[in-house]
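Structural characterization, general
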Amino acid sequence: MQEGLAPTWPQLARRLAWLDMPELPEVEITARLIGDAIAGAVVESTLAPGVNALKTFDPPLHALDGTRLTGVARRGKHLVVESDAGLVLLVHLMSAGRLQLFDRRAGLRDRTSRVLLRLEGGRELRLREFGTKQRAWAKLLRAGELEEDEAVATLGPEAWPDPPPFLPLLAQPRPLHTLLRDQRVIAGIGRSWVDEILWEARLSPFKRGADLGGDEAEALRDATVALLGGAIETYAGALSLPLPDRLPLPLRVHRHEGEPCPRCGTRLEAVHFEDYVIAYCPACQTDGKVLKDRRLSRLLK
Ligand SMILES: [Zn+2]
């Protein structure tokens, strides 16, 4: 792309298609920054240009018109835009969605727009989505319905700031990598941060939750709280509005396969699945074993 030229839509879509799904730290900083900025703002009008993004019709989106926004909360990886009319807009960004606040209205020419809240003074709160898949969604709910909504009611305890002890929480015969990403078990962790947390705790992604020792479970909980909290702190120091389309995730292991382990220098390895990659350090996490890469073993068959 030539410098100075705005990227075309296909260029933008290609460039952003691999965006990491926002997880607890990214959603938390979004909630804080946008929540502070919109608190007290009156909604002038609303639009849902993404026909499939809005999952509810009662109350209608325009029930927000004329109401005052009070802030943005977070539940797991969901954002909750709150209004003084007893309404909440529950938002899930999925893999490539972003909630962004703009000083001006881009209107319908912004093809990434899914849901728009036009605020007094010309500002616009937008649920946008990059890439080709339309998966980000929003639901307008009465505040009293939030806890009963399936997306919220099925969430496990928050992974940060004070999750319950991990030994009973993870006592299941499933691998840690799967358990920690299961929002019904613990809410907020996804494909990026799970690699960092397991590396920090020196645990194999394939160790079964039920096989965790007491010290291991405690180390895993400590790593979870420390890494997610550290990321939020990093963002709080580095980010301000407008939020960039691509947040600078401070990752050291995930997407760093082939590079030296930041702790011991061993080459970081990866196991590729259809839609995600597990990165790990064989020396720190798997007793030196390099795990079978399913993608490679399929090719070698
Ligand atoms: Zn290592």
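Residues numbered from 1 in each chain as written. Predicted model: local features only at pLDDT ≥ 70, side-chain atom pairs only at ≥ 80, totals over all residues. Heavy atoms only, no water.

1. Digging into the environment of Glu259
Counted only if it meets this: In DSSP terms, a helix is any run of H or I states spanning at least four residues, a strand is any run of E spanning at least two, and both are numbered starting from the N terminus. Relative accessibility thresholds used throughout: buried, under 20% of the residue-type maximum; exposed, over 50%; partly exposed, between the two (1.4 Å probe, protein chains only). We call two residues in contact when some of their heavy atoms are within 4.5 Å. Pairs of N or O atoms are called polar contacts if they sit within 3.5 Å, as long as, within protein, a hydrogen donor faces a hydrogen acceptor (for residues adjacent in sequence, only side-chain-to-side-chain pairs).
Turning to its location among the elements, Glu259 is positioned in the loop between helix 7 (214-238) and strand 9 (269-272). On the basis of relative accessibility, which here comes to 37%, the residue Glu259 falls in the partly exposed class. Those residues in contact with Glu259 that sit more than four places away from it in its chain are Thr266, Arg267 and Leu268. Of note is the side chain of Glu259, whose polar atom sits 2.8 Å from the side chain of His256.

2. Considering the nonpolar core
What counts here: Each nonpolar core is a collection of buried residues, namely Ala, Val, Leu, Ile, Met, Phe, Trp, Tyr and Cys, held together in the definition by side-chain atoms within 4.5 Å.
The biggest cluster of nonpolar side chains holds 60 residues, and the ones touching the most others in it are Ile38, Leu89, Leu170, Leu180 and Leu220. Residues within four places of Leu170 in sequence aside, it is in contact with Leu176, Leu179, Leu180, Val185, Gly209, Ala210, Leu212 and Leu220. By size, the runner-up hydrophobic cluster in this structure holds nine residues, among which are Val88, Trp137, Leu141 and Leu146.

3. Brief notes about the sheet that holds strand 4 (residues 87-92)
Inclusion rule: Strands are labelled as partners when DSSP assigns at least two bridges between them. Helix axes use the C-alpha atoms of the stretch in contact, all axes being lines fitted to C-alpha atoms, and the angles between their N-to-C directions lie in the range 0 to 180 degrees.
Taken in spatial order, the four strands of this open sheet run 2-3-4-8, and their pairing is antiparallel. Every other strand in the sheet has two partners, leaving strand 2 (69-75) and strand 8 (137-142) as the edge strands with one partner each. Along the sheet, successive strands turn relative to each other by an average axial angle of 20°, direction set aside. Two elements, strand 4 and strand 8, share six bridges in a ladder whose sense is antiparallel. Looking across to strand 8, one finds that Val88 is bridged to Leu141.

4. Quick look at the coordination of the zinc ion
The expected angle between donors at a tetrahedral four-coordinate metal is 109.5 degrees. At an octahedral six-coordinate metal it is 90 or 180 degrees. Rule in force here: Coordinating donors are taken as N, O and S atoms within 2.8 Å of the metal, stretched to 3.2 Å for Na, K and Ca; because water is absent from the atoms, sites can appear incomplete. Square planar and octahedral assignments, for four and six donors respectively, both demand that opposite donors be over 155 degrees apart and that all other angles lie between 65 and 115; tetrahedral needs four donors with all angles between 85 and 135 degrees, and anything else is irregular.
For the zinc ion, the full set of protein donor atoms is Cys261 (SG), Cys264 (SG), Cys281 (SG) and Cys284 (SG), and the range of their distances to it is 2.2 to 2.4 Å. With four donor atoms in place around the zinc ion and angles of 101 to 117° between them, the coordination shape is tetrahedral. When the donor residues of the zinc ion are listed from N- to C-terminus, their spacing reads C-x2-C-x16-C-x2-C. In this pair, Cys264 sits in the loop between helix 7 and strand 9 while Cys284 sits in helix 8 (residues 282-285), placing the two residues 20 residues apart along the sequence.

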